[in-house]
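# Summary of the model geometry
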Amino acid sequence: MKRILKRKPLLLVLIGMLILAAFPQEAKAEPGVSASAAVLMEQSSGRVLYGRNEHRPMRIASITKIMTAILAIESGKMNDTVTITESASRTEGSSLYLKPGEKIPLKDLVYGLMLRSGNDSAVAIAEHVGGSLDGFSYLMNQKAEEIGMKHTRFRNPHGLDTHEDHYSTAYDMAVLTRYAMNNDTFKDVSSTKVYRSEQTGEKWDRVWRNKNKMLKLYEYSTGGKTGYTKRAKRTLVSTAEKDGMELIAVTLNDPNDWDDHRNLFEWGFHSFKMTELIKEGEISGIKDKGYKGKVEAARTFTYPLQKEEVGQISSSIQLYELPKSGKWEKEKVPKPVGRYFVDLKETRIADLPLYYDGKALIKPDQGGLWSSFKSIFNRLFFVAKEDNRLW
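Here the structure is a predicted model, which is why all the values come from computation and not from measurement. The residue numbers shown here count from 1 along each chain, following its written sequence. The model is predicted, so local features are restricted to residues of pLDDT at least 70 and side-chain atom pairs to those at 80 or more, both for listing and for counting; the totals for chains, interfaces and linings are taken over all residues. Values shown for side chains rest on all heavy atoms present in the structure; no hydrogens or waters enter the calculation.

### Some points on the UniProt feature "binding site: substrate" (unreviewed entry) in the chain
Heads up, the rule is: UniProt positions are given in the numbering used here, feature names are shortened, and annotations may be inferred rather than shown by experiment. What counts as a helix is a DSSP run of H or I of at least four residues, what counts as a strand is a run of E of at least two, and both are numbered from the N terminus. Here a polar contact is recorded for every N or O atom pair within 3.5 Å, except that within protein the pair must consist of a potential hydrogen donor and a potential acceptor, and residues adjacent in sequence are included only if both atoms are side-chain atoms.
Those places that UniProt annotates as "binding site: substrate" (unreviewed entry) correspond, in this numbering, to K225. Checked against the element boundaries, K225 lands in strand β7 (residues 221-229). Reaching out from K225, the side chain makes a polar contact with the side chain of S117 at a distance of 2.9 Å.

### A look at the sheet that holds strand β9 (residues 245-252)
Short version of the rule: One requirement defines pairing of two strands: DSSP has to find at least two bridges between them. Simply put, an axis is a line fit to the C-alpha atoms, just over the touching stretch for a helix, and the angle between two N-to-C directions goes from 0 to 180 degrees. Here, residues are in contact when the closest pair of their heavy atoms is within 4.5 Å.
Within the open sheet, the five strands sit side by side as β2-β1-β9-β8-β7. Their pairing is antiparallel. Edge positions in the sheet fall to β2 (48-52) and β7, since each of these pairs with one other strand and no more. Recorded for the sheet is a direction-independent mean angle of 5° between the axes of neighbouring strands. Here four bridges tie strand β1 (residues 37-42) to β2, and the two strands are oriented antiparallel to one another. When the bridges of β2 are listed, A38 appears paired with R52. The sheet strands contacting helix α8 (residues 184-191) are β7 and β9, and the helix crosses β7 at an angle near 70°. In this fold helix α10 (residues 257-271) packs onto β1, β2, β7, β8 (233-242) and β9, with an angle of close to 30° to the strand it touches most, β8.

### Re the pairing of β9
We count it as follows: Here the term buried applies to any residue with accessible area under 20% of the maximum for its type, exposed to any over 50%, and partly exposed to those in between, with areas from a 1.4 Å probe on protein chains only.
Across the eight residues that make up β9, a large majority, seven, are buried. The pairing of β8 with β9 spans eight bridges and is classified as antiparallel. Note on β9: the bridge partner recorded for E241 is E246. Connecting β8 to the next strand, β9, in antiparallel fashion are two residues, including D243 with a positive phi near 50°.

### As for the packing of aromatic side chains
The criterion, for reference: Classification of ring pairs rests on two measures: the distance between centres of Phe, Tyr or Trp rings, Trp counted by its six-membered ring, which must be within 6.5 Å, and the angle between planes, read as stacked under 30 degrees, edge-to-face over 60 and tilted in between.
Under the criterion given, the structure shown has 11 aromatic pairs. Taking 3.9 Å as the distance between ring centres and 5° as the angle between the ring planes, the aromatic pair formed by Y111 and Y195 counts as stacked. Within this pair, whereas Y111 is found in helix α4 (residues 106-116), its partner Y195 is found in strand β5 (residues 194-197), the two being separated by 84 residues in sequence. On the numbers, 6.2 Å between centres and 15° between planes, the contact of Y195 with W208 is stacked. Of this pair, Y195 sits in strand β5 while W208 sits in strand β6 (residues 206-209), and the two are 13 residues apart along the sequence. For W208, a relative accessible area of 5% puts it in the buried group.

### Considerations on helix α6 (residues 133-147)
Operational definition: Take the number of residues in a helix, subtract one, and multiply by 1.5 Å to get its expected span. Note that the arc is computed from the directions linking the helix axis to the C-beta atoms.
Helix length check: α6 (15 residues) gives 21 Å between terminal C-alpha atoms against 21 Å at 1.5 Å per residue, within 8%. Listed in full, the buried residues belonging to α6 are F136, S137, M140, K143, A144 and I147. Seen from one end, α6 has its buried residues packed into an arc of 125°, which puts them on one side. Opposite the buried face of α6, at more than 90 degrees from it, the exposed residues are D134, Y138, E145 and E146. Of the surrounding secondary structure, the elements contacted by the buried residues of α6 are α2 (65-74), α5 (119-130) and α7 (170-180). Immediately downstream of α6, the backbone of G148 shows phi near 95°, a positive value.

### Notes on the pattern of salt bridges
What counts here: The working definition used for a salt bridge is a side-chain nitrogen of Lys or Arg within 4 Å of a carboxyl oxygen of Asp or Glu.
Under the counting rule described, the total for this entry stands at 13 salt bridges. Between E102 and R206 there is a salt bridge; the shortest N-O distance is 2.6 Å. Here R206 lies in strand β6 and E102 lies in the loop between α3 (86-89) and β4 (103-105), a separation of 104 residues in the sequence. Classification of E102 as buried rests on a relative accessible area of 11%. Linking R155 and D165 is a salt bridge whose minimum nitrogen-to-oxygen distance equals 2.8 Å. Taken as a pair, R155 in the loop between α6 and α7 and D165 in the loop between α6 and α7 lie far apart in primary sequence, 10 residues in all. Overall, the relative accessible area of 28% leaves R155 in the partly exposed class. Within the structure, one salt-bridge network assembled from shared partners comprises R59, D161, E164 and R231.

What follows is the structure, given as structure tokens:
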């Protein structure tokens with residue numbers, strides 16, 4: 001067994017000093033929140049930075065509409081014209097005041113759903129995209145299962161307390177928001193402060209102003225969704241971005257949600273920094289002649305870390321054993337040629353493919369070839385592993 005990743009003490013010390021200098025000198029105490037349940041999640045990694053009863057199933061009110069919106073956007077029907085039904089127009093609670101027989105673009109319904117929390121809009125979307133409320137609820141739960149919302153059940157598209165078994169958790173709603181915020185259209189809708197919708201046959205347009213006050217109250221706010229029912233009380237999902245870090249905050253049953261979200265964001269941005277752990281391109285430190293200067297990472301990997309966690313990072317590399325000739329023939333190079341692992345204490349936080357001599361023909365998350373290849377890979381590779389502290 002050969003070691004191919006060697007320590008570079010001076011370089012690692014310098015890197016560590018530079019990264020540590022970017023962190024605040026004094027750590028802030030965890031934020032106090034008034035919510036029955038809360039979570040703060042980092043967007044790119046999905047890491048939970050703060051949690052309080054984050055896995056407790058609870059009523060969620062209108063933040064349900066995040067799922068309704070993303071399903072409408074992903075349906076491919078955003079340019080469709082929707083005819084408003086009698087049942088949609090009579091939906092109780094917050095409303096866009098849609099009229100039976102009125103025709104309106106699905107796109108406008110999504111904006112009205114997210115900005116003004118229109119329950120009539122939610123029903124109209126569900127009927128058009130899912131065929132019926134039950135059909136749409138099936139799509140909602142199917143998507144929830146697909147993206148890993150393990151403690152969630154949707155029974156309607158708006159979040160009204162019409163069913164006892166309509167619930168989610170702060171964590172699951174952060175998972176949903178993280179998924180939705182990867183969609184550019186959803187991001188645009190969520191961050192919009194004012195939207196104008198034309199009315200067929202009318203001389204005036206509907207003008208909708210976003211109910212999410214975080215867009216005004218917090219300078220780094222990028223969107224979110226409000227919610228309230230008598231039984232769920234105040235619920236809120238909001239997102240923010242600062243210095244390259246994107247955060248998601250969720251609170252359930254929170255009488256002081258605006259302040260709590262601001263405090264969560266400020267604590268998160270102060271206490272954590274996005275730290276580059278793997279850089280796209282050539283992997284340095286490999287001494288084996290057959291691999292030296294020829295192994296590359298397909299993408300950069302960054303992770304939110306607190307100052308004291310920097311020294312708790314370790315890494316290792318696994319590569320295919322080279323042929324007896326000591327080099328790969330062009331046609332026989334494995335794709336990928338190995339893996340780059342990064343651990344925070346005992347937790348693996350990165351598992352990236354490595355490619356040989358620029359042959360990154362398969363990017364991460366672009367298909368199932370690695371899955372089928374994995375069992376063979378496990379038998380054939382040799383491990384070049386060292387508890388290599390990055391700093």
